[in-house]
Amino acid sequence: MDTINRLLKKQASKKRSKDQDETDSINKDDSSTNSQIPIAFHYVSNKDGCTLSIPLDVEIPIKFSKGPNYPPPVPICSVSGCTRPKKYRCVNTLKYACSMEHLQMMDTRVKQSF
Ligand SMILES: [Zn+2]
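Under an unreviewed UniProt entry, the name given to the chain is 35532_t:CDS:1, and the source organism is Racocetra persica.

So this is what it looks like as structure tokens:
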């Protein structure tokens with residue numbers, strides 16, 4: 001009976017020391033992260049959830065210096081008087097055309113000028 005108790009105690013003590021070690025290491029990590037001022041965005045995702053650490057000098061909501069890159073507005077047909085958006089581009093003049101008719105118009109104009 002004595003030996004069993006001793007073994008149990010030993011295991012218990014062993015377990016406790018291991019747990020203490022773990023808690024110690026966790027405490028260490030906590031103190032280091034608390035003392036460190038985040039200088040970069042830090043994203044952590046684990047079983048407890050996810051956290052995002054933001055540098056202190058970043059204002060919330062974040063103001064991005066550059067907005068999202070929307071595609072530039074579609075240019076309008078280069079033929080005078082035509083306000084339709086371009087569909088084609090003339091190979092010779094690099095001007096825009098809304099339709100094949102206007103494209104050919106520009107093309108013939110170029111040919112005429114030569
Ligand atoms: Zn046109």
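On we go from here.
Enquirer: Sorry if this is basic, but what is going on with the environment of cysteine 50 here?
Expert: Its place among the elements puts cysteine 50 in strand E2 (residues 49-53). Among the residues examined, cysteine 50 registers 8 C-beta atoms within 10 Å and is labelled exposed.

Enquirer: Help me understand the nonpolar core in this model?
Expert: Taken as a class, soluble globular proteins show a tendency for nonpolar side chains to be buried jointly. Cys77, Val79, Tyr96, Ala97, Cys98, Leu103 and Met106 together form the largest nonpolar core, which totals seven residues. When contributions to this core are tallied by element, the ones reaching two or more residues are strand E4 (96-97) and helix H2 (100-113).

Enquirer: Where do I start with the pairing of strand E1 (residues 42-46) in this structure?
Expert: In regular strands, side chains alternate between the two faces of the sheet. The buried fraction of E1 is low, at zero of five residues. Here five bridges tie E1 to E2, and the two strands are oriented antiparallel to one another. When the sheet's bridge partners are listed, serine 45 is paired in E2 with cysteine 50. Taking the residues between adjacent antiparallel strands as the criterion, E1 and E2 are bridged by two residues.

Enquirer: How should I be thinking about the environment of threonine 83 in this particular structure?
Expert: Examined against the element boundaries, threonine 83 turns out to sit in the loop between E2 and strand E3 (88-89). According to the C-beta neighbour criterion, threonine 83 is exposed, with 8 such atoms within 10 Å. Taking the C-alpha atoms as reference points, threonine 83 and cysteine 98, 15 residues apart in sequence, are found 8.6 Å from one another.

Rules used in this analysis
All chains use their own residue numbering, which begins from 1 and follows the written sequence. pLDDT decides what is reported in this predicted model: residues at 70 or higher carry local features, side-chain atom pairs at 80 or more are listed and counted, and totals for whole chains, interfaces and linings draw on all residues regardless. Helix and strand assignments come from DSSP, with helices taken as H or I runs of at least 4 residues and strands as E runs of at least 2, each series counted from the N terminus. With C-beta atoms placed from the backbone, the exposure class of a residue follows from how many other C-beta atoms lie within 10 Å of its own: 20 or more, buried; 12 or fewer, exposed; in between, partly exposed. Buried Ala, Val, Leu, Ile, Met, Phe, Trp, Tyr and Cys residues form a nonpolar core when they are connected through C-beta atoms within 7 Å. Any two strands between which DSSP finds at least two bridges are classified as paired.

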